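Below, each chain spelled out in residue letters.
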Amino acid sequence: MTVAGTDAFVDELRAHSRRYHDQHPFHARMNSGQLGARQIRGWVINRYYYQVAIPRKDAAILSNCPDREVRRRWIRRITDHDGTAPGEGGIEAWLRLAESVGLDRREVEQERQVLPAVRFAVDAYVEFARSKPWVEAVASSLTELFAPDLMARRLAAFERHYPWIDGAGLAYFRERLDRAPRDAEHALELVVDRCRTAEQQDRALAALSFKCDVLWSVLDAIDRAHPD
Ligand SMILES: O=C(O)c1cc(C(=O)O)c2c(n1)C(=O)C(=O)c1cc(C(=O)O)[nH]c1-2
């Protein structure tokens, strides 16, 4: 569909919240305390594959982006995930989450238990960033507009329903509460600024739809593999 002014465009981007993976039945069960330890572990193991793909996806955006100002801000996303020294960064925090749900970090890092459909979906996201114009790849990151609400609900749910998980393991989600809005605001600014024609706006909307599908497919695969 074609949109006109900036407000209508932003409204359409935000309307993708209806397709965000917070609506997925697996997340609904997670947030209402219905998942068992095996299901939580399966989710953490598979989501690790997404976490390690994110900085590679962001490096692909940087490599396609000729604008120095944009690169200067975007590069923070990579150091947020990788850290700047051993023992730091979001991926390390995810591994601590893995340990606090009872997993062995080496087992998680080996990625042997990652489901084929999760690999396909996450690899498709990285490939999208490599092969599409950088602004479209930035638009695909805009699911992060919807992430903070889900993070807040997830934190509350883990503390309330899963007391067997060490609270220190939840640091990753606490950090995302601040970082996701910062990152999403920057991405939204860029997309609104660079997508002026109806065609550019349609491509940005399609990129965001694609990303909603990536996240949904990841959860479909995890849900199917861990019915109980
Ligand atoms: O747990 C989640 O529900 C969730 C969702 C998303 C998202 O909406 O894409 C991201 C993350 N977490 C996340 O941790 C993260 O670092 C991240 C980076 C990106 C991105 O597309 O650049 N999305 C997300």
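Model, not experiment: these values are computed from the prediction.

Engineer: Could you give me a rundown of the overall build of the protein, with the residues and numbers involved?
Structural biologist: Helix and strand content of the protein: 11 helices and 0 strands. Mapped in sequence order, the helices and strands of the protein form the string α-α-α-α-α-α-α-α-α-α-α. Radius of gyration (C-alpha) of the protein: 17 Å, near the 17 Å computed for a compact globule of 228 residues. Seen through its principal axes, the protein has C-alpha atoms that stretch 50 × 35 × 30 Å. Burial statistics for the protein: of 228 residues in total, 33% are counted as buried. Taking the intrachain contacts of the protein between residues at least 6 apart in sequence as the baseline, contacts between residues at least 24 apart amount to 81%.

Engineer: Could you give an account of the site of the ligand, with specific residues and numbers?
Structural biologist: Taken together, Ile54, Ser141, Thr143, Glu144, Ala147, Leu150, Arg176 and Leu215 make up the full set of residues near the ligand. The residue inventory of the shell around the ligand, partitioned by class, reads 4 nonpolar, 2 polar and 2 charged.

Engineer: Pulling in residues and values, what's your account of the nonpolar core?
Structural biologist: As a rule of thumb, soluble globular proteins bury nonpolar side chains together. If you look at the biggest cluster of nonpolar residues, it comprises 54 residues, and the most contacted ones within it are Val138, Ala139, Val191, Leu208 and Val218. Considering every element that reaches this core, the biggest residue donor is helix H11 (residues 198–225), with 11 residues. Setting aside its immediate chain neighbours within four residues, valine 191 contacts Val135, Val138, Ala139, Leu142 and Ala204.

Engineer: Summarise the packing of helix H3 (residues 37–64) against helix H7 (residues 116–131); cite the residues concerned and give the values.
Structural biologist: Packing of H3 against H7 leaves a shortest axis separation of 8 Å and a crossing angle of 10°. Judged by the angle between their axes, H3 and H7 are roughly parallel. Counting all contacts with H3, which are made through Asn46, Tyr49, Tyr50, Ala53, Arg56, Lys57, Ala60 and Ile61, the residues of H7 involved are Val118, Arg119, Val122, Tyr125, Val126, Ala129 and Arg130. The residue inventory of the contact of H3 with H7, partitioned by class, reads 10 nonpolar, 1 polar and 4 charged.

Engineer: Account for helix H9 (residues 147–161), naming residues and giving values.
Structural biologist: Over its 15 residues, H9 extends 20 Å from the first C-alpha to the last, a length consistent with the 21 Å expected when each residue adds 1.5 Å. Among the residues making up H9, those that are buried are Ala147, Leu150, Met151 and Phe158. In an axial view of H9, the angular spread of the buried residues amounts to 100°, which keeps them on one side of the axis. Among the exposed residues of H9, those oriented more than 90 degrees off its buried face are Ala156, Glu159 and Arg160. In this structure, the buried residues of H9 make contact with helix H10 (171–194).

Engineer: Tell me what's going on with the packing of H7 against H11, and back it up with residues and numbers.
Structural biologist: Relative placement of two packed helices is described by the angle separating their axes and the distance separating the axes. Between H7 and H11, the shortest axis-to-axis distance is 8 Å and the interhelical angle comes to 165°. With respect to each other, H7 and H11 are oriented roughly antiparallel. Considering the relative orientation of H7 and H11, their crossing is left-handed. Here Ala117, Val118, Ala121, Val122, Ala124, Tyr125 and Phe128 of H7 come into contact with H11, specifically with Phe210, Lys211, Val214, Ser217, Val218, Ala221 and Ile222. When its residues are assigned to classes, the contact of H7 with H11 shows 12 nonpolar, 1 polar and 1 charged.

Parameters and conventions
Residues numbered from 1 in each chain as written. Predicted model: local features only at pLDDT ≥ 70, side-chain atom pairs only at ≥ 80, totals over all residues. Helix = DSSP H or I, 4+ residues; strand = E, 2+ residues; numbered from the N terminus. Rg over C-alpha atoms; globule rule 2.2 N^0.38 Å. Buried ≥ 20, exposed ≤ 12 C-beta atoms within 10 Å, placed from the backbone. Contact = placed C-beta atoms within 7 Å. Near = placed C-beta within 6 Å. Nonpolar A, V, L, I, M, F, W, Y, C, P; charged D, E, K, R; others polar. Core = buried A, V, L, I, M, F, W, Y, C linked by C-beta atoms within 7 Å. Axes fitted to C-alpha atoms, helices over the stretch in contact; angles between N-to-C directions. Parallel < 35°, antiparallel > 145°, perpendicular 65-115°, else oblique. Expected span 1.5 Å × (residues − 1). Arc of directions from axis to C-beta. Left-handed = near helix turned anticlockwise from the far one by under 90°.

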